[in-house]
Amino acid sequence: MTNDGKRRLTMADIIKNYINGKWKTGHGAGTFRSINPANKTNIVGLATRSSAADVDEAVDAAREAFKEWRLMPAPRRGEVLLRAAEILSRGKKSLGMLVTQEMGKILPEGLGDVQEAIDMAYYMGSEGRRLSGETVPSELPGKDAKSVRVPVGVFALITPWNFPVAIPAWKICPALVAGNTVIFKPSSDTPVCAARLVGMLEQAGVPKGVINLVHGAGKETGEYLATHPGIDAVSFTGSCDTGEHLEGLCGRTHKPISAEMGGKNAIIVMDDANLELAVEGAIWGGFGTSGQRCTAASRIVVHEAVYLKFIKMFKGAASKLRIGNGLKKGTDMGPVINESQFTKILEYIETGKNEGAGLILGGGPYTKNDCANGFFIEPTIFTDVDPEMRIAQEEIFGPVVCVIKSGSFEDSIRIVNDTRYGLSSSIYTQDVNKSALAERDLDSGIVYINASTIGAEIQLPFGGTKHTGLGPREAGGRGGALDTYTRWKVIYRDFSGRLQKAQIDR
Ligand code: ADP
């Protein structure tokens with residue numbers, strides 16, 4: 001639904017909650033607007049605001065549905081996700097366009113956001129036929145021993161706006177295939193994408209109560225949901241402040257939480273790097289999604305021997321980026337999400353200037369080419385950044401890149417590791433030994449060799465070290481999301497017909 005200026009939004013257009021298989025408006029708490037960040041006069045949707053009673057109802061529905069859903073054979077739960085993958089594939093284009101409208105990323109990235117959800121639905125759908133545990137021999141005769149994965153129960157899923165389809169799918173798909181039921185609280189910046197995704201899952205045959213959607217603000221709806229006594233566990237992706245706050249609340253109530261939070265990711269460019277490739281990687285990592293990815297490359301650590309050459313090439317490439325509405329063909333970079341991020345990023349740019357970093361490109365709002373009504377910020381590059389500066393330590397989450405000079409390989413590794421985060425890092429070098437040492441010594445959950453800091457694939461775990469995250473990682477593979485959404489249960493079966501004592505009968 002869009003407000004094209006000709007049509008007023010009506011009650012029928014309100015983006016509703018989805019509770020126990022029904023689309024409902026909240027209990028009298030009003031609505032909030034989702035606006036297009038490329039043009040703030042364009043309202044993408046009006047979403048219902050949830051009250052505590054709505055969350056209570058959603059939790060009750062999920063608790064009730066859990067009783068049957070956990071008993072449905074996992075391959076059949078998986079089939080529902082496989083159907084969802086097909087529906088998402090058919091709807092990819094229109095959902096991708098909606099992502100661009102509501103969140104601002106350029107259309108190829110909007111389509112990529114949906115593709116990630118499709119990949120995850122196929123991957124987790126097929127997990128329905130694996131979900132494997134272990135069978136091991138018992139030390140006693142007439143006895144067997146195995147471990148099985150069991151669902152945790154009812155999950156609160158709290159998601160951000162930067163991947164409005166992919167991140168919810170990253171949580172919903174593994175949760176559901178493992179037999180959990182969920183209450184999904186999307187970011188209040190992207191309720192329309194969330195509702196469209198849930199609608200597709202409904203169409204795929206997810207039974208009532210298994211997935212519930214509640215809209216609302218983080219502090220009210222999100223916190224009430226996460227701390228609700230009917231919630232067994234929480235999966236959160238968002239800012240470090242909110243995540244750490246929720247970790248504290250969950251710790252006190254003994255609720256497991258998986259939290260994916262910030263990053264201050266860096267690319268190392270060595271003196272032997274293929275500089276053309278490194279510049280492309282720095283542009284994609286630094287300015288892709290307007291720098292609003294948790295894996296964005298916000299620091300480029302460049303060897304002094306190629307420092308000046310790299311800066312010249314990097315600035316040249318960044319100044320060619322075409323900024324505008326992401327739906328327009330040929331656009332390279334869209335707006336940032338909302339007014340508060342817009343202001344925060346501009347404040348960081350001021351901080352960088354005050355700290356004495358060299359501003360060589362951008363540094364302000366971008367208002368040309370029909371961009372005056374949106375939250376556009378110029379691609380911004382700071383050079384001669386000291387690794388201790390705030391702009392080199394704090395997550396900016398915008399199109400601002402810090403270039404740091406380094407004297408050696410060891411220096412570069414130290415600079416990259418010296419932040420409170422550890423999500424993604426990368427090195428450009430032709431030296432096989434240096435790449436191996438970087439693999440070993442970079443302290444981050446993901447390391448790229450001769451590639452940018454973004455581009456994770458869904459079949460391996462996603463997440464990081466230090467303040468980046470807590471709990472098992474997201475996505476697939478060993479140590480991935482299934483460790484969040486299942487608990488291990490160990491079963492010993494004695495068919496000897498007599499009392500046998502482990503460790504004692506020898
Ligand atoms: P961002 O706005 O950058 O996405 P936030 O951490 O503020 O980062 O928000 C991520 C998600 O967490 C959103 O869905 C938001 O509504 C929710 N949220 C924010 N504050 C809280 C809170 N105190 N308790 C629970 N959820 C919250």
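All of these numbers come straight from a predicted model, not from anything done at the bench.

Scanning the protein chain from N- to C-terminus turns up 15 helices and 24 strands. Against the globule reference of 23 Å for 506 residues, the protein chain gives a C-alpha radius of gyration of 24 Å, in line with a compact fold. Projected onto its principal axes, the C-alpha coordinates of the protein chain cover approximately 80 × 70 × 40 Å. Sorting the 506 residues of the protein chain into buried and exposed places 57% on the buried side. Sequence separation of at least 24 residues holds for 73% of the intrachain contacts in the protein chain that already meet a minimum separation of 6. In the structure as shown, the protein chain presents an accessible area of about 21,100 Å², 51% of it carried by carbon and sulfur atoms.

Time to look at the side chain of T181. Note on placement: T181 falls in strand 8 (residues 181-185). Under the relative-accessibility criterion, T181 is labelled buried at 0%. In this structure, T181 is in contact with A62, A65, F66, W69, G153, V154, F155, G209 and V210, ignoring residues within four places of it in sequence.

Quick look at the confidence of the model for the protein chain now. Mean pLDDT for the protein chain: 96, with 98% of residues reaching 70 or above. For residues 1-6, every residue scores under 50 in pLDDT, and the model assigns this stretch 15 contacts once sequence neighbours within four places are set aside.

For the structure on display, the rule yields seven aromatic pairs. A centroid spacing of 6.0 Å and a plane angle of 20 degrees characterise the contact between F287 and F314, whose relative ring orientation is stacked. A residue pair is termed long-range when its members are at least 10 positions apart, and F287 in helix 9 (residues 275-287) and F314 in helix 10 (residues 307-319) qualify at 27 residues. These aromatic residues form a ring-pair network of at least three members: F287, F310 and F314. Above the ring of F409, the side-chain terminus of K434 is found at 6.0 Å from the ring centroid.

According to the domain assignment, the protein chain consists of domain 1 (11-261 + 468-490) and domain 2 (265-449). For domain 1 versus domain 2, the separation of C-alpha centres amounts to 31 Å. Summing both partners gives a buried area of about 2,200 Å² for domain 1 against domain 2, and 61% of it is carried by carbon and sulfur. Linking domain 1 to domain 2 there are one salt bridge. E244 is the partner of R420 in a salt bridge, and the nearest nitrogen-oxygen pair spans 3.7 Å. Where domain 1 packs against domain 2, one counts seven residue pairs in polar contact (both at pLDDT 80 or more). Broken down by secondary-structure element, the contributors of at least two residues to the side of domain 1 that touches domain 2 are strand 4 (39-48), helix 3 (92-103), helix 4 (107-127) and helix 8 (240-252). Looking at the side of domain 1 that touches domain 2 element by element, the count peaks at five residues for helix 3. Considering only residue class, the side of domain 1 that touches domain 2 consists of 11 nonpolar, six polar and seven charged.

In this section: the site of the ligand. Taken together, 18 residues form the shell around the ligand, and within it T159, K185, E223, S239 and T242 come nearest. S239 has a polar side-chain atom sitting 2.7 Å from an oxygen atom of the ligand. A distance of 2.9 Å separates an oxygen atom of the ligand from a polar atom in the side chain of T242. Compared with its free state, where it exposes 540 Å², the ligand has 82% of that area covered by protein. Looking at the shell around the ligand residue by residue, the class counts come to six nonpolar, nine polar and three charged.

Further remarks concern the pairing of strand 16 (residues 400-406). Of all seven residues in strand 16, six are buried; the element is thus mostly enclosed. Relative to strand 16, strand 13 (residues 297-303) is paired through five bridges, and the arrangement is parallel. Considered in strand 16, the bridge of H303 is made with S406. The pairing of strand 15 (residues 380-383) with strand 16 spans three bridges and is classified as parallel.

This part is about the pattern of salt bridges. Where charged atoms from two side chains of opposite charge come close, those side chains can pair. Within this structure, the stated rule accounts for 18 salt bridges. With its nearest N and O atoms 2.9 Å apart, the salt bridge here joins R390 to E394. Among the residues examined, R390 registers a relative accessible area of 39% and is labelled partly exposed.

Reading guide: rules and limits
- Residues numbered from 1 in each chain as written.
- Predicted model: local features only at pLDDT ≥ 70, side-chain atom pairs only at ≥ 80, totals over all residues.
- Heavy atoms only, no water.
- Helix = DSSP H or I, 4+ residues; strand = E, 2+ residues; numbered from the N terminus.
- Rg over C-alpha atoms; globule rule 2.2 N^0.38 Å.
- Buried < 20%, exposed > 50% of the residue type's maximum accessible area, 1.4 Å probe, protein only.
- Contact = heavy atoms within 4.5 Å.
- Areas by Shrake-Rupley, 256 points an atom, 1.4 Å probe, with all protein chains shown as cover.
- pLDDT = per-residue confidence, 0-100.
- Phe/Tyr/Trp six-rings, centres within 6.5 Å; stacked < 30°, edge-to-face > 60°.
- Lys NZ or Arg CZ within 6 Å of the ring centre and 35° of its normal.
- Domains from an automatic or database assignment.
- Buried area = accessible area lost by both parts, 1.4 Å probe.
- Salt bridge = Lys/Arg side-chain N within 4 Å of Asp/Glu carboxyl O.
- Polar contact = N/O pair within 3.5 Å; in protein donor to acceptor, adjacent residues only side chain to side chain.
- Nonpolar A, V, L, I, M, F, W, Y, C, P; charged D, E, K, R; others polar.
- Near = heavy atom within 4 Å.
- Pairing = 2+ DSSP bridges.

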